[in-house]
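Survey of secondary and tertiary structure
Each chain, letter by letter, is given below.
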Amino acid sequence: MHEKDASVGKRVDLANATAPGKVILFGEHAVVYGRPAIAVPVTIVQATAAVAAAAAGSGCTISAPDVGVRIRLPSAPDNPLALAVRLALAAAGVDAEPDWNISVSSTIPIAGGMGSGAAVSAVLARAVLASAPTFRGCPDAETVNRIVYAVERIHHATPSGIDNTVVVYEQPVWFVRGRPPEIFDIAKPFHLVIADTGIASPTGQVVADVRAARQKDAARYDAIFDAIGAIAERAKRIIASGKLETLGFLMRENQRLLRQLEVSAPSLERLIESAEDAGAAGAKLSGGGRGGNLIAVVKREKIGLVREALLAEGAARAIVTQVGG
Ligand code: PMV
């Protein structure tokens with residue numbers, strides 16, 4: 001990971017880091033209110049960062065060429081990329097601005113409920129910590145997780161912490177806000193088709209809308225959150241036992257409750273219906289909703305059909321991932 005010899009005059013990477021995307025299988029939104037949720041990493045998409053030594057005195061530049069971003073560290077107080085770098089430098093005990101070029105890129109859809117922001121923060125934190133001369137060894141997950149959570153708070157004020165946790169630990173996570181995350185085993189692998197509505201939907205806005213609606217009718221919303229939490233509990237039991245027959249049913253039930261929270265959208269509903277018509281056992285939105293991605297649990301032999309149906313119905317893309325195994 002380390003290459004500390006910058007004397008040869010060409011670009012020398014000090015450190016590289018990668019982090020996966022994620023999907024929430026069950027429990028989004030309710031997790032903000034203390035109910036459990038399950039999320040899994042999706043390694044087929046990922047963020048990467050590289051820190052390279054720059055000429056002495058040139059300072060620290062962060063570039064994300066995919067999205068046309070190039071910023072100088074000191075001049076971007078509110079930028080989430082700069083915040084991740086600053087927090088990592090502070091955690092490593094580096095006071096002075098280092099002479100580094102940091103580049104970051106990602107294949108995770110932005111604002112699509114797949115943890116793009118958290119993954120980008122995670123790779124920046126890891127690569128910066130690993131490059132700091134004061135920081136020895138591999139950056140520990142807890143430090144990285146703390147940094148990523150702090151950056152997530154820029155995007156919305158009350159993140160549950162599930163995104164940063166699954167992206168940093170790169171394991172299936174059973175998550176209850178305020179408790180240490182539980183990593184759990186998948187007894188029998190299963191497949192998901194993940195389809196993108198192509199509609200960017202900032203999670204913070206949707207979370208704020210749910211909060212406002214709950215303030216008007218707390219009893220109704222809390223009952224929905226309880227029902228979603230109960231589905232997550234059942235899903236954890238069946239995923240841990242490998243008896244997956246009811247997984248699709250639980251997805252459909254979770255989606256029914258998400259609809260009641262008014263976080264679904266016509267584009268999601270159309271795609272969910274087409275996936276189920278094409279043979280998915282069940283499908284639901286994943287993440288903040290109103291756009292972004294949906295997930296469909298699909299038997300191996302139906303994957304092609306479901307993928308084609310989603311693309312025919314207008315999905316911006318449809319990827320297949322295996323959970324567990
Ligand atoms: O849209 P994403 O991937 O950021 O997922 C958000 C999940 C929510 O439960 C809606 C919010 C949260 O902080 O847990």
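Residues numbered from 1 in each chain as written. Predicted model: local features only at pLDDT ≥ 70, side-chain atom pairs only at ≥ 80, totals over all residues. Heavy atoms only, no water.

1. Regarding the domain arrangement of the protein chain
It is common to give the size of an interface as the accessible area that goes away when the parts come together. Our working definition: Each domain span listed reflects an automatic or database assignment of domains. Residue contacts are defined here by distance: any two heavy atoms, one from each residue, within 4.5 Å place the two residues in contact. Buried area: the accessible surface (1.4 Å probe) lost by two parts on joining, summed over both.
Per the domain assignment, the segments making up the protein chain are domain 1 (6-182) and domain 2 (186-323). Using C-alpha coordinates to define each centre, domain 1 is positioned 26 Å away from domain 2. Residue-level contacts link 32 residues of domain 1 with 46 residues of domain 2. Here domain 1 meets domain 2 over a buried area of about 2900 Å², counting both sides, of which 67% is carbon and sulfur. Ranking the residues of domain 1 by area buried against domain 2 places F26, H29 and Y33 at the top, with a combined share of 26%.

2. Focus on the site of the ligand
Formally: Working definition: residue near molecule or strand if any one of its non-hydrogen atoms lies within 4 Å of it. N or O atoms closer than or at 3.5 Å make up a polar contact, with two conditions inside protein: a donor-capable atom paired with an acceptor-capable one, and, for residues adjacent in sequence, both atoms drawn from side chains. Per-residue accessibility takes into account occlusion by the displayed protein chains alone, with areas from the Shrake-Rupley method and a 1.4 Å probe. In this text, helices come from DSSP runs of H or I with a minimum length of four residues, and strands from runs of E with a minimum of two, each type numbered from the N-terminal end. Three residue categories are used. Nonpolar comprises Ala, Val, Leu, Ile, Met, Phe, Trp, Tyr, Cys and Pro, charged comprises Asp, Glu, Lys and Arg, and polar comprises the others, including Gly.
K22, S160, D163, T203 and G288 are the nearest of the 18 residues found near the ligand. Separating an oxygen atom of the ligand from a side-chain N or O atom of D163 is a distance of 2.8 Å. A distance of 2.9 Å separates an oxygen atom of the ligand from a polar backbone atom of G288. Surface burial for the ligand is 94%, taken as the share of its 380 Å² of free accessible area covered by protein chains. Mapped onto the shell around the ligand, the elements with two or more residues apiece are strand 1 (13-26), helix 4 (162-169) and helix 5 (203-216). Classifying every residue of the shell around the ligand gives seven nonpolar, eight polar and three charged. Here the shell around the ligand gathers at least three residues from each of two domains, domain 1 (6-182) and domain 2 (186-323).

3. Here's the deal with the pairing of strand 5 (residues 100-106)
To keep things clear, this is the line we draw: Note: two strands are recorded as paired if DSSP finds a minimum of 2 bridges between them.
Where strand 2 (residues 37-53) meets strand 5, seven bridges bridge the pair, whose relative direction is antiparallel. Paired with V51 across the strands is I102, a residue of strand 5. Note: strand 3 (residues 60-64) against strand 5, four bridges, orientation parallel. For S63, the partnering residue across the bridge sits in strand 5 and is S103.

4. Some remarks on the nonpolar core
We count it as follows: For our purposes a nonpolar core is just a set of buried Ala, Val, Leu, Ile, Met, Phe, Trp, Tyr and Cys residues, chained together by side-chain atoms within 4.5 Å. Think of it in three bands: residues with accessible area under 20% of the maximum for their type are buried, residues over 50% are exposed, and the middle band is partly exposed, with areas taken using a 1.4 Å probe on protein chains only.
One finds L25, F26, F190 and L192 to be the most contacted residues of the largest nonpolar core, which totals 112 residues. Sorting elements by how many residues they give to this core places helix 2 (residues 116-131) first, with 10 residues. No fewer than three residues from each of domain 1 (6-182) and domain 2 (186-323) sit in this core.

5. Considering the packing of helix 8 (residues 266-277) against helix 9 (residues 303-312)
Short version of the rule: Inter-axis angles, ranging from 0 to 180 degrees, are taken between N-to-C directions of lines fitted to C-alpha atoms, where helices are fitted over the stretch in contact. Angle categories are assigned with fixed cut-offs, so that under 35 degrees is roughly parallel, over 145 is roughly antiparallel, 65 to 115 is roughly perpendicular, and the rest are oblique. Note: crossing handedness is left-handed where the near helix turns anticlockwise from the far helix by less than a right angle, and right-handed where it turns clockwise.
Between helix 8 and helix 9, the shortest axis-to-axis distance is 8 Å and the interhelical angle comes to 150 degrees. Judged on the interaxial angle alone, helix 9 and helix 8 are roughly antiparallel. Considering the relative orientation of helix 8 and helix 9, their crossing is right-handed. Facing helix 8, whose interface residues are L271, S274 and A275, helix 9 presents V306, A309 and L310. Looking at the contact of helix 8 with helix 9 residue by residue, the class counts come to five nonpolar, one polar and no charged.

6. Thoughts on the sheet that holds strand 10 (residues 293-298)
Pairing within the open sheet is antiparallel, and its four strands lie in the order 9-10-8-11. Strand pairing shows two members of the sheet lacking a second neighbour, strand 9 (282-286) and strand 11 (317-323), which therefore form its edges. Between one strand axis and the next, the sheet turns through 25 degrees on average, direction left out of account. Bridging between strand 9 and strand 10 involves five bridges; their strand directions are antiparallel. What sits directly across from A283, in strand 10, is A296. Helix 7 (residues 247-260) contacts strand 8 (190-196), strand 9 and strand 10 of the sheet and is inclined by roughly 45 degrees relative to strand 9. The strands that helix 9 touches are strand 8, strand 10 and strand 11; relative to strand 8, the one it contacts most, it runs at about 10 degrees.

7. So, the side chain of Q255
Among the secondary structure elements, Q255 is positioned in helix 7. Those residues in contact with Q255 that sit more than four places away from it in its chain are S264, E269, I272, A283, K284 and L285.

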